[in-house]
Amino acid sequence: MSLLDQLAFPILFIWFIGLLLSLFRKDLETHWKFFFFLVFCFYMVQFFPEFWAGVARWKESPKRELLSWLGSMGQAIYVFLFLLWPLVLIRIYYSASNNLSKTLIPVLSYGTVVYWALFFMWTYYTKEWYKFIEDYIMSK
């Protein structure tokens, strides 16, 4: 199962909640709300088979699916940081505001280092982490 197969359901579910919350904001103009809805619908149609498979897995075993999401989210963040860093560096170069650079640089740098430490601990101790999390989730 690919990373996309594992994460389509939780990402689209979180996206749906965000869409609902944005639709209830009074200060957003209607055309933006409609655009948000169209983008959500596009991705929902695009990834509907993966979403529906995720729903089926969730119904079958929610605890196992939650455990799968945790590992998949870690991998997705790894890929996201790989894509984000070059864009942020270009943004920092072209930023007209020094405040943006002064806040963005430490947040992204420290966040990446903390993520790397956790990622390498997760990778090195995968069996132990899975056992700990599985015991914790399955005991509830």
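Residues numbered from 1 in each chain as written. Predicted model: local features only at pLDDT ≥ 70, side-chain atom pairs only at ≥ 80, totals over all residues. Heavy atoms only, no water.

## Quick word on the overall build of the protein chain
Here's step 1: The helix and strand inventory of the protein chain stands at six helices and zero strands.
Here's step 2: Over its C-alpha trace the protein chain gives a radius of gyration of 19 Å, far above what one expects of a compact globule, namely 14 Å for 140 residues.
Here's step 3: Seen along its three principal axes, the alpha-carbon backbone of the protein chain occupies a region of about 50 × 40 × 25 Å.
Here's step 4: For the protein chain, with 140 residues in total, the buried portion stands at 24%.
Here's step 5: Pairs at least 24 apart in sequence give 69% of the contacts found in the protein chain among residues at least 6 apart.
Here's step 6: Total accessible area on the protein chain stands at roughly 10,700 Å², and carbon and sulfur atoms take up 74% of it. (Helix = DSSP H or I, 4+ residues; strand = E, 2+ residues; numbered from the N terminus. Rg over C-alpha atoms; globule rule 2.2 N^0.38 Å. Buried < 20%, exposed > 50% of the residue type's maximum accessible area, 1.4 Å probe, protein only. Contact = heavy atoms within 4.5 Å. Areas by Shrake-Rupley, 256 points an atom, 1.4 Å probe, with all protein chains shown as cover.)

## Some points on the pattern of salt bridges
Here's step 1: A full pass over the atoms with the stated rule returns two salt bridges.
Here's step 2: Asp 27 is paired through a salt bridge with Arg 25; the nearest N and O atoms lie 2.4 Å apart.
Here's step 3: Asp 27 gets classed as exposed once you look at its relative accessible area, which sits at 56%.
Here's step 4: With a shortest N-O distance of 3.0 Å, Glu 65 and Arg 57 are connected by a salt bridge.
Here's step 5: Since its relative accessible area comes to 5%, Glu 65 is described here as buried.
Here's step 6: Looking at Arg 57, the relative accessible area reads 19%, which means it is buried. (Salt bridge = Lys/Arg side-chain N within 4 Å of Asp/Glu carboxyl O.)

## Structural notes on the UniProt feature "transmembrane region" (unreviewed entry) in the protein chain
Here's step 1: Residues annotated by UniProt as "transmembrane region" (unreviewed entry) correspond here to residues 6–24, 36–55, 75–94 and 106–125.
Here's step 2: Here residues 36–55 is 95% helix and 0% strand, with 23 Å between the C-alpha atoms at its ends.
Here's step 3: Across residues 106–125, the secondary structure splits into 95% helix and 0% strand, with the terminal C-alpha atoms separated by 28 Å. (UniProt positions renumbered as here; feature names shortened; annotations may be inferred.)

## Description of a nonpolar patch on the surface
Here's step 1: Among the surface-exposed residues, Phe 13, Ile 14, Phe 16, Ile 17, Leu 20, Leu 21, Leu 23 and Phe 24 lie close enough to one another that they form a single nonpolar patch of about 800 Å² accessible area.
Here's step 2: As for its placement among the helices and strands, Leu 20 is situated in helix α1 (residues 3–23).
Here's step 3: Taking relative accessible area as the criterion, Leu 20 reaches 35% and is therefore assigned partly exposed. (Patch = residues over 30% accessible without salt bridge, like charges linked within 9 Å, V, L, I, M, F, W, Y side chains within 5 Å.)

## A closer look at helix α4 (residues 62–94)
Here's step 1: For α4, spanning 33 residues, the distance from its first C-alpha to its last is 45 Å, which sits close to the expected 48 Å at 1.5 Å a residue.
Here's step 2: Its maximal kink placed at Leu 84, α4 deviates by approximately 30°, while the proline Pro 86 follows within four residues.
Here's step 3: Of all the residues in α4, the buried ones are Glu 65, Leu 67, Ser 68, Trp 69, Gly 71, Ser 72, Gly 74, Leu 81, Val 88 and Ile 92. (Expected span 1.5 Å × (residues − 1). Bend = angle between axes of the 7 residues up to and from the residue.)

## Some remarks on the nonpolar core
Here's step 1: In this structure, Phe 9, Leu 12, Leu 19, Phe 40, Met 44, Phe 51, Val 55 and Trp 69 together form the largest nonpolar core, which totals eight residues.
Here's step 2: If you list the elements that add at least two residues to this core, you get α1, α2 (30–46) and α3 (48–60).
Here's step 3: Looking at this core, the element that brings in the most residues is α1, giving three residues. (Core = buried A, V, L, I, M, F, W, Y, C linked by side-chain atoms within 4.5 Å.)

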